[in-house]
Amino acid sequence: FMYQKVIFLVDMQSFYASVEKADNPKIRNKPVIVSGDPERRSGIILAACPLAKKFGVDTAEPLWQAQQKCPYAVVVRPRMSRYLEVSIYITSILERYTDLVEPFSIDEQFMDVTNTQHLFGDPFTIARKVQETIQKETGVYARVGIGPNKLLAKVACDNFAKKNETGIFWLTKENMKEVMWPLPVKGLFGVGSQMRRHLERMGIRTIGHLAQTPLNQLKKRWGINGERLWLSANGLDYSPVVPPSIVRYQKGIGHHMTLPRDYHSKEEIRVVLLELSEEVCRRARRHHVMGQTVSVGCRGADFNFPTGFHRQIKLVEPTNVTIEVFKAAWELFNIHWDGKPIRSCGISLSGLMSDKEFQLSLLGDRLKAVQLGYTLDRINEKYGPTSVIRAISLTTAGQARERAKKIGGHYK
């Protein structure tokens with residue numbers, strides 16, 4: 001007997017704040033805000049518990065603004081190592097119900113329960129069991145969006161499960177037109193603020209409007225992305241739930257850094273680009289891949305008048321050697337930088353292939369350069385991430401030592 005596909009998107013409510021409350025009973029009944037370090041100009045709200053949200057506190061707003069709305073809030077600095085630990089534990093809870101669990105972010109995970117219903121019950125029963133187990137074992141309240149695919153599970157969670165009393169909602173092909181189509185287009189996963197504005201200018205205000213817009217019209221305007229939008233609005237998504245253990249090569253490996261202050265000079269930005277190249281190549285080596293396309297993106301310091309660029313260059317040969325990636329990135333930067341202060345930078349390496357075979361150079365010893373990277377990685381793995389760093393990272397522009405203390409941009 002074949003079951004119809006049943007996919008869950010399990011989302012942890014106010015995850016960081018919930019973990020802090022679970023770990024500290026004294027603040028359990030108080031409004032709790034998790035915020036970056038205010039002294040380093042990163043006092044941004046990362047999470048606010050439901051009590052704090054009732055005062056109007058929003059994620060991503062400045063801490064001072066949140067404290068004006070909720071002066072009695074308990075402000076906690078993030079502990080990223082702890083949140084990762086709890087997230088991994090929640091994955092292990094979900095794996096009791098199915099072997100098909102795919103973490104989507106630190107606080108959201110997909111699970112495919114299609115073929116385990118005969119063991120644990122119908123989708124609502126499994127969703128309640130998942131909720132109860134997570135609450136009991138971690139103190140975190142989970143919401144569950146259910147759908148016949150990942151897209152509808154995500155829409156069900158974000159637009160309905162988060163807002164109803166049970167924290168569970170099942171969006172099906174049958175109730176999709178009645179329930180999802182009246183939503184504004186921003187309720188569709190993948191439609192950001194910019195795309196929403198474009199669609200609204202075309203008179204497309206709801207998901208239903210988008211679903212009924214002729215496909216050719218959307219493809220003419222946005223190509224393959226227009227087709228993706230149309231498929232999403234019609235509830236079509238064929239991507240499977242893929243556990244990380246069976247994920248093949250990614251399309252690319254990248255690293256992005258928001259700087260602690262505005263960087264004005266080429267000398268300072270050069271340091272950051274070298275550190276980013278080092279990080280990207282270290283990740284490539286960890287996956288035993290090389291890449292042939294280097295991309296560089298920089299954003300200006302003035303968020304009200306955005307400046308910056310994103311460009312890429314194809315190398316003659318694939319590489320994971322830091323200096324080779326840096327030279328390409330530095331060339332792109334010198335061509336495209338407008339001279340205005342920079343607040344964030346990113347580098348990525350794509351066109352990935354195995355590092356088992358690569359072209360040796362007749363000029364210079366390329367094999368030695370490749371092997372040196374792996375040797376440095378082994379030293380840093382054994383003795384700590386800053387055991388061997390480039391001298392340039394010791395200058396005031398360097399971020400390598402500070403970043404080594406962080407996970408995901410926040411202190412461990």
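As a reminder, the structure under discussion sits directly above these lines.
Not measured: the values here are computed from a predicted model. (Residues numbered from 1 in each chain as written. Predicted model: local features only at pLDDT ≥ 70, side-chain atom pairs only at ≥ 80, totals over all residues. Heavy atoms only, no water.)

**A closer look at helix α13 (residues 266-286)**
For clarity, the threshold we go by: The helix and strand labels rest on DSSP assignments: H or I over at least four residues marks a helix, E over at least two residues marks a strand, and numbering proceeds from the N terminus. By this rule the span expected of a helix is its residue count minus one, scaled by 1.5 Å.
Taking 1.5 Å of rise per residue, the 21 residues of α13 would be expected to cover 30 Å, and the 30 Å separating its terminal C-alpha atoms lies within 8% of that figure. His288 sits one or two residues past α13 and shows a positive phi near 55°.

**Some details on the packing of α13 against helix α14 (residues 322-336)**
To keep things clear, this is the line we draw: Here, axes are lines fitted to C-alpha atoms. For helices the fit covers the stretch in contact, and angles between N-to-C directions go from 0 to 180 degrees. To sort the angles, those under 35 degrees are grouped as roughly parallel, those over 145 as roughly antiparallel, those from 65 to 115 as roughly perpendicular, and the leftovers as oblique. Handedness of a helix crossing follows the sense of rotation of the near helix relative to the far helix, less than a right angle counterclockwise being left-handed and clockwise being right-handed. Throughout, a residue-residue contact means that at least one pair of heavy atoms, one from each residue, lies within 4.5 Å. Any residue outside Ala, Val, Leu, Ile, Met, Phe, Trp, Tyr, Cys, Pro, Asp, Glu, Lys and Arg is labelled polar, Gly included; the first ten of those are nonpolar and the last four are charged.
In the contact formed by α13 and α14, the axes pass within 9 Å of each other and the chain directions differ by 140°. Put simply, α13 runs oblique to α14. Along this stretch, α13 crosses α14, giving a crossing that reads as right-handed. For the pair formed by α13 and α14, the contact residues are Lys266, Ile269, Arg270, Leu273, Leu274, Ser277, Glu278, Cys281 and Arg285 on the first element and Thr322, Ile323, Val325, Phe326, Ala329, Trp330, Phe333 and Asn334 on the second. In terms of residue class, the contact of α13 with α14 is made up of 10 nonpolar, 3 polar and 4 charged.

**Some words on the sheet that holds strand β5 (residues 101-105)**
Condition: Being paired, for any two strands, means DSSP has found at least two bridges between them.
Strand order in this open sheet of 5 strands is β5-β6-β1-β7-β8, and the pairing throughout is mixed. Bordering the open sheet on either side are β5 and β8 (168-170), each of which pairs with just one other strand. Within this sheet the neighbouring strands show an average axis-to-axis angle of 20°, counted without direction. Where strand β1 (residues 7-12) and strand β7 (residues 142-147) come together, 6 bridges link them in antiparallel fashion. Its bridge partner lying in β7, Leu9 is registered against Gly145. Docked against the sheet, helix α4 (residues 80-94) engages β1, β5 and β6 (108-112), running at close to 15° with respect to β6.

**Section: the environment of Thr98**
Cut-off, in case you're wondering: The rule is simple: take the accessible area with a 1.4 Å probe, protein chains only, and divide by the maximum for that residue type; under 20% is buried, over 50% is exposed, in between is partly exposed. Distance and chemistry together define a polar contact, namely a pair of N or O atoms within 3.5 Å, with one atom able to donate a hydrogen and the other to accept it when in protein, and with adjacent residues in sequence counting only for side-chain atoms on both sides.
Relative to the assigned elements, Thr98 resides in the loop between α4 and β5. Since its relative accessible area comes to 4%, Thr98 is described here as buried. Separated by 22 residues in the primary sequence, Thr98 and Phe120 place their C-alpha atoms 9.9 Å from one another. The contact partners of Thr98, leaving out residues within four places of it in the chain, are Met111, Asp112, Val113 and Thr116. In terms of polar contacts, Thr98 uses its side chain to reach the backbone carbonyl oxygen of Asp112, at 2.7 Å.

**Remarks on the side chain of Thr116**
In this structure, Thr116 sits in the loop between β6 and α5 (117-120). Here the side chain of Thr116 touches Tyr97 through a polar contact of 2.9 Å, landing on its backbone oxygen. Once residues lying within four places of it in the same chain are set aside, the contact partners of Thr116 are Tyr97 and Thr98.

**Some points on the pattern of salt bridges**
Applied cut-off: Salt bridges are defined as contacts in which a side-chain nitrogen from Lys or Arg sits within 4 Å of a carboxyl oxygen from Asp or Glu.
Scanning the model with the defined rule gives 19 salt bridges in all. For the salt bridge of Glu279 with Arg283, the shortest nitrogen-to-oxygen distance reads 3.2 Å. Taken together, the residues Glu279 and Arg283, both in helix α13 and 4 residues apart, mark about one turn of the helix.

**A look at helix α1 (residues 15-23)**
Within α1, 7 of the 9 residues are buried, which leaves it mostly tucked inside the rest of the structure. Within the span of α1, buried status applies to Phe15, Tyr16, Ala17, Ser18, Val19, Glu20 and Lys21. Against β1, β2 (32-35), β3 (45-48), α2 (50-54), β4 (74-76) and α4 lie the buried residues of α1.

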